[in-house]
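Below are the chains, spelled out letter by letter.
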Amino acid sequence: MTVTPLRIGILGASRIAENAMIKPATATGHRLVAVAARNPERAEAYAEQHGIERVVGSYTELISDPEVDVVYNALPNSLHGPWNLAAIQAGKHVLTEKPFSSNAVEARAVAESARVSAVTLLEGFHYLFHPVNRRLLDLVRNGTVGEVTRVETVLRMPRPSENDPRWQLALAGGSLMDLGCYGLHASRMLGDACGGAPSVTETRHEQYAPGVDSWFDIELEYPGGATASVVTTMLDEQYHFTFRVFGTNGDVLVHNFLQPDVDDRVSVTVDGRTSVEHLGTKSSYTYQLEALADHLSGVSTLPIGPADAVANMTLIDEAYVHSGLGARPTTIL
């Protein structure tokens with residue numbers, strides 16, 4: 001079956017969109033039909049720089065555009081829920097940046113709207129589509145490392161600028177929202193090998209601004225007895241993203257699970273012997289866009305959907321409530 005080129009509209013002239021959508025779309029032959037941003041001059045310069053066909057005057061105009069098939073939401077966190085919902089109600093398919101919404105209440109409302117509207121809604125956990133992370137999941141699920149005892153994700157990045165939306169509570173900021181959402185998601189993906197979904201047992205954090213965490217550490221436990229940790233910080237000097245699973249027979253380590261295009265190593269240790277596999281430096285965002293296009297063309301199904309997004313936001317809320325910071329403020333209800 002032939003995959004039909006997507007006609008994509010971008011909400012927000014953001015940095016993340018360059019790697020997450022513009023480069024993959026250009027590489028795979030999909031059209032970047034339109035972009036909308038708060039600042040029209042910035043939108044015009046952005047469109048010219050990245051080969052986007054045209055600029056529209058508002059987010060509403062973009063999601064209503066008859067030439068747009070898929071809306072890519074690259075807005076600040078607090079605008080994910082409202083504009084995902086608006087795009088769904090306009091009958092568009094949606095690829096949204098993580099996190100899916102500000103909190104689980106919003107997530108459930110958006111997911112229900114997608115169900116009723118029968119559109120595709122995908123949260124951008126791009127790491128899941130890359131062979132390095134698929135390999136880790138396969139090695140765990142097929143029993144290569146034995147019974148799982150411990151799951152560890154570490155997510156460290158340099159400090160964003162002072163005016164970055166990630167430091168603002170009203171924009172649903174925080175290191176858990178920006179980074180920890182990946183660690184919790186990766187931990188949840190192993191629930192089928194660990195007796196079920198994990199739950200939060202311990203949290204530690206530090207506030208950068210009232211209600212906004214600069215770093216956030218989480219301990220979790222699975223029903224089968226295995227434990228997990230998610231370590232995040234937005235105060236490091238460099239990027240560091242590891243995903244590791246320990247079992248009774250050995251362990252498997254993905255050296256850079258969010259940027260496998262930078263480091264595609266998977267180290268597998270079984271019975272004291274370590275082998276290193278290289279599984280390709282093609283961007284995980286490109287794999288994600290290809291999977292979405294295949295799904296919309298009827299070639300294949302997606303591994304996650306709105307129900308997964310609700311479950312992940314629920315676990316994020318659980319961690320925030322446990323910490324005493326509380327869930328991020330609701331925007332759409």
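Residues numbered from 1 in each chain as written. Predicted model: local features only at pLDDT ≥ 70, side-chain atom pairs only at ≥ 80, totals over all residues. Heavy atoms only, no water.

**Comments concerning the pattern of salt bridges**
Part 1 of the argument: Counted according to the given criterion, the structure contains 19 salt bridges.
Part 2 of the argument: We note a salt bridge from Glu-53 to Arg-31, for which the minimum N-O separation is 2.8 Å. Of this pair, Glu-53 sits in the loop between helix H2 (40-50) and strand E3 (54-55) while Arg-31 is found in strand E2 (residues 31-36), placing the two residues 22 residues apart along the sequence.
Part 3 of the argument: With a shortest N-O distance of 3.5 Å, Asp-178 and Lys-98 are connected by a salt bridge. In this pair, Asp-178 sits in helix H7 (residues 175-188) while Lys-98 sits in the loop between strand E5 (93-96) and helix H5 (104-117), placing the two residues 80 residues apart along the sequence. Accessibility classification places Asp-178 together with Lys-98 in one group, the buried group. (Salt bridge = Lys/Arg side-chain N within 4 Å of Asp/Glu carboxyl O. Helix = DSSP H or I, 4+ residues; strand = E, 2+ residues; numbered from the N terminus. Buried < 20%, exposed > 50% of the residue type's maximum accessible area, 1.4 Å probe, protein only.)

**Re helix H9 (residues 306-323)**
Part 1 of the argument: Taking 1.5 Å per residue, 18 residues should reach 26 Å; H9 reaches 26 Å between its end C-alpha atoms and fits that length.
Part 2 of the argument: For H9, the full list of buried residues reads Asp-308, Ala-309, Val-310, Asn-312, Met-313, Leu-315, Ile-316, Asp-317, Ala-319, Tyr-320 and Ser-323.
Part 3 of the argument: Along its buried surface, H9 packs onto H5, strand E6 (121-123), H7, strand E8 (199-209) and strand E9 (212-221).
Part 4 of the argument: Phi for Gly-324, located one or two positions after H9, is positive at around 95 degrees. (Expected span 1.5 Å × (residues − 1). Contact = heavy atoms within 4.5 Å.)

**A look at the layout of surface pockets**
Part 1 of the argument: By volume, the largest pocket amounts to about 1,500 Å³.
Part 2 of the argument: Contributing to the lining of the largest pocket are 45 residues, with Ser-14, Arg-15, Ile-16, Asp-164 and Arg-166 lying nearest its centre.
Part 3 of the argument: When residues of the lining of the largest pocket are traced back to their parent elements, those giving at least two are helix H1 (15-28), strand E7 (148-158), H7 and helix H8 (284-296).
Part 4 of the argument: Among the elements that take part in the lining of the largest pocket, H1 stands out by supplying five residues, more than any other.
Part 5 of the argument: Grouping the amino acids of the lining of the largest pocket by side-chain chemistry returns 21 nonpolar, 13 polar and 11 charged. (1 Å grid on protein atoms, 1.4 Å probe; cavity = no way out; pocket = protein on both sides within 12 Å on 5 of 7 lines; lining within 4 Å. Points joined across faces, edges and corners; volume = space filled by probe spheres on them. Nonpolar A, V, L, I, M, F, W, Y, C, P; charged D, E, K, R; others polar.)

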